[in-house]
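Residue-level listing of the chains:
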Amino acid sequence: MICTNVTQSGAIYGYWQIAPDTWCITNRWKNFMYLIEGEEKAVLIDTGDGEGNIREVTEKITKKPVMAVNTHGHFDHTGGNPCWPEVWMTKEAALHAKEPFDDLHRQWYNNKRYPDYQIRYFEEGETIELGGRSLEVISIPAHSEGSVAFLDDRMRYLFCGDELEGGQVIWFVRNEPAALKEQALMHKKNMEKLMSRLDEFDWIWPAHNGAPLFPLPYLQDFIELDLKIMEGTQDVQKNTAGFGFPEDHHAVPNLFYSYGKLKRASNGLANVVYSEAESVYLTGK
Ligand SMILES: [Zn+2]
């Protein structure tokens, strides 16, 4: 099968320019990927779920070589990786980056040019130089081990993957189980770390559910929410546990039912969804 970027039902990808030399690419699953161009090369932050060929989309936008990087290892961020012979991520992200969520993802993965692509590692504090512009790697793992944000020094943007967003941060998809309060502590430390660098970025660009976000209210609300969860005093919304699913959604097979009963805790703009069971990453295997 040949990968194309148009299906019978329409285009898989769309994109728009969000700033000079900076684009948001989205797919029909509404993932947000970001293409950041410097004078020598461009970086694609996350590659989506792998439908079609996202590399072709980036090559329509820029003539410079594109380096693909991942905020973390979930397949809706790594699915397009095999369009490139090598992709950069953290060691922890690499543990699951090549594991499709389901058979459809696996089919897309296997149809790519480089299914055995090489994984290259970066770490906290490293800087990716694009020529007159750089992205700093900032480690913020909670939603997933090995999650990073990228700080764009030219545009003063922070690209944060799934660790902070306007919909909800999901806490039941880690590689290894983590108790709820432990996870809240990890997340709180990350939010405080970002708060301590607030003078370096003006906008936050998550990978799902709307962007950009104005940093301060989100960071404050998440820190408070994390603290409440650590203390066991969080407000839990009734009947909106997951993504609008009813509280008993786990009784009906759907994408998330196998994670058990989900709860949504809210504080101002901040929302976290967690499982009553331990937080375990499940693949489509
Ligand atoms: Zn994720």
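About the criteria used
- Residues numbered from 1 in each chain as written.
- Predicted model: local features only at pLDDT ≥ 70, side-chain atom pairs only at ≥ 80, totals over all residues.
- Heavy atoms only, no water.
- Donors = N, O, S within 2.8 Å, 3.2 Å for Na, K, Ca; no water.
- Tetrahedral: all angles 85-135°; square planar, octahedral: opposite > 155°, others 65-115°.
- Helix = DSSP H or I, 4+ residues; strand = E, 2+ residues; numbered from the N terminus.
- Pairing = 2+ DSSP bridges.
- Axes fitted to C-alpha atoms, helices over the stretch in contact; angles between N-to-C directions.
- Buried < 20%, exposed > 50% of the residue type's maximum accessible area, 1.4 Å probe, protein only.
- Arc of directions from axis to C-beta.
- Contact = heavy atoms within 4.5 Å.
- Polar contact = N/O pair within 3.5 Å; in protein donor to acceptor, adjacent residues only side chain to side chain.
- Salt bridge = Lys/Arg side-chain N within 4 Å of Asp/Glu carboxyl O.
- Parallel < 35°, antiparallel > 145°, perpendicular 65-115°, else oblique.
- Left-handed = near helix turned anticlockwise from the far one by under 90°.

J.: Hey, could you go over the coordination of the zinc ion for me, with residue numbers and the actual values?
T.: Looking at the metal site, the zinc ion is ligated by His72 (NE2), His74 (ND1), His143 (NE2) and Asp162 (OD), spaced 2.1 to 2.3 Å from it. Taken together, the four donor atoms coordinating the zinc ion and their angles of 92 to 167 degrees define a geometry best described as irregular. Here the donor residues of the zinc ion share one chain and are spaced in sequence as H-x1-H-x68-H-x18-D. Highlighted residues: His143 in the loop between strand 11 (134-139) and strand 12 (148-152) and Asp162 in the loop between strand 13 (157-161) and strand 14 (169-170), separated in sequence by 19 residues.

J.: Which residues make up the sheet that holds strand 6 (residues 42-45), and what are the values?
T.: Read from one edge of the open sheet, seven strands run 3-4-5-6-7-8-9, paired in mixed fashion. Looking at strand neighbours, the two that pair on one side only are strand 3 (13-19) and strand 9 (118-121), the edges of this open sheet. Sheet twist, expressed as the average angle between the axes of neighbouring strands with direction ignored, equals 30 degrees. Sheet analysis places strand 4 (residues 22-27) next to strand 5 (residues 32-37), joined by five bridges and oriented antiparallel. Note that in strand 5 the partner of Cys24 across the bridge is Tyr34.

J.: Lay out the environment of Phe75 with the relevant residues and their values.
T.: On the secondary structure map, Phe75 appears in helix 2 (residues 75-78). Residues Phe75 and Thr47, spaced 28 residues apart in sequence, show a C-alpha to C-alpha distance of 9.1 Å.

J.: Break down helix 4 (residues 103-110) for me, with residues and values.
T.: Residues of helix 4 that are buried: His105, Trp108 and Tyr109. Across the axial projection of helix 4, the buried residues extend over an arc of 100 degrees, all falling on one side. If you follow the buried residues of helix 4, they end up packed against helix 2. Capping of helix 4 at its N-terminal end is provided by Asp102; its side-chain oxygen lies 3.2 Å from the backbone amide nitrogen of Leu104.

J.: How would you explain the pattern of salt bridges if you had to name every residue and give the values?
T.: Within the structure shown, the criterion is met by twelve salt bridges. Ionic pairing is found between Arg120 and Glu86, a salt bridge with its closest N-O pair at 2.7 Å. Pair noted here: Arg120 is in strand 9 and Glu86 is in strand 8 (residues 86-89), with a separation of 34 residues, a long-range link. Take Glu86: its relative accessible area is 28%, and that puts it in the partly exposed class. Notably, a salt bridge pairs Arg156 with Asp202, separated by 2.8 Å at the nearest N-O pair. A residue pair is termed long-range when its members are at least 10 positions apart, and Arg156 in the loop between strand 12 and strand 13 and Asp202 in the loop between helix 5 (180-195) and strand 15 (203-206) qualify at 46 residues.

J.: Go over the pairing of strand 4, please, and point to the residues and values.
T.: Most of strand 4 sits out of view: six of its six residues are buried. A two-sided burial pattern is seen for strand 4, the buried positions comprising Thr22, Cys24 and Thr26 on one face and Trp23, Ile25 and Asn27 on the other. Here strand 3 pairs with strand 4 via six bridges, running antiparallel. What sits directly across from Gln17, in strand 4, is Trp23. Taking the residues between adjacent antiparallel strands as the criterion, strand 3 and strand 4 are bridged by two residues, where Asp21 takes a positive phi near 60 degrees. With antiparallel pairing between neighbouring strands as the criterion, strand 4 and strand 5 make up a hairpin whose turn holds four residues, including Lys30 at a positive phi of roughly 65 degrees.

J.: An account of the packing of helix 5 against helix 6 (residues 215-231) is needed here, citing residue identities and associated values.
T.: Running from N to C, helix 5 and helix 6 cross one another at 155 degrees; their axes reach a closest spacing of 8 Å. The angle between helix 5 and helix 6 falls in the class roughly antiparallel. Our pair here, helix 5 against helix 6, has a crossing hand that is left-handed. For the pair helix 5 and helix 6, the contacting residues are Leu180, Lys181, Ala184, Leu185, His187, Lys188, Met191, Glu192, Leu194 and Met195 in the first and Leu216, Leu219, Gln220, Phe222, Ile223, Asp226, Leu227, Ile229 and Met230 in the second.

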